[in-house]
Amino acid sequence: LRFPQKLWKMLESDQFQSIWWSEGGKCVAINKDLFKEEVLGREGPQRVFNTQKMKSFIRQLNLYGFTRMQRDDQRSASLPEFLAEEAAVSAHSQILYYYNPCFSRAHPQLLETCMRR
């Protein structure tokens, strides 16, 4: 399987807790630390990708046209709400979001157009 197909299978499987669909199935969300352990840490026949390094995995995403997205960072005006949001954001700082217009949960047929640059 090519990289996009492997990624799709992971997202559709309940086997992985470190990667999931986000934004209504338009973005890939990755818990960086958990992904390193759960996916990239696998060896032998359990191995999913040909790398054990996060940097190499991200390079593959970029080669297939994925771009990193930022979370929507609109903040509240009141101090208690702002502090609560800050705590939530720090918990989310390990979560990476990637988007590719040819990679959408609602349109699996577009997967064939997801080509390496």
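Residues numbered from 1 in each chain as written. Predicted model: local features only at pLDDT ≥ 70, side-chain atom pairs only at ≥ 80, totals over all residues. Heavy atoms only, no water.

Per an unreviewed UniProt entry, the protein chain carries the name HSFY1 protein and comes from Calyptomena viridis. Within the UniProt record for the protein chain, the comment given under Subcellular location (unreviewed entry) is "Nucleus". (UniProt positions renumbered as here; feature names shortened; annotations may be inferred.)

Novice: Would you take a moment to explain the packing of aromatic side chains for this structure?
Specialist: Ring pairs (aromatic) are described by centroid distance and by the angle formed between their planes. Counted according to the given criterion, the structure contains nine aromatic pairs. With a centroid separation of 5.3 Å and 45° between ring planes, the pair formed by Phe-3 and Phe-49 is classed as tilted. Of the two residues, Phe-3 is situated in helix H1 (residues 3–12) and Phe-49 in the loop between helix H2 (32–40) and helix H3 (54–63); the sequence distance between them amounts to 46 residues. Classification of Phe-49 by relative accessible area gives buried; the value is 5%. Relative to Phe-103, the ring of Phe-66 has its centre 5.1 Å away and its plane inclined at 65°; by these criteria the two rings are edge-to-face. Linking Phe-66 in the loop between H3 and strand E3 (67–69) with Phe-103 in the segment after strand E4 (95–99), this pair joins segments that are 37 residues apart in sequence. For Phe-66, a relative accessible area of 1% translates into the label buried. Within the aromatic cluster, the residues linked to one another by ring pairs are Phe-3, Phe-35, Phe-49, Phe-57 and Tyr-64. (Phe/Tyr/Trp six-rings, centres within 6.5 Å; stacked < 30°, edge-to-face > 60°. Helix = DSSP H or I, 4+ residues; strand = E, 2+ residues; numbered from the N terminus. Buried < 20%, exposed > 50% of the residue type's maximum accessible area, 1.4 Å probe, protein only.)

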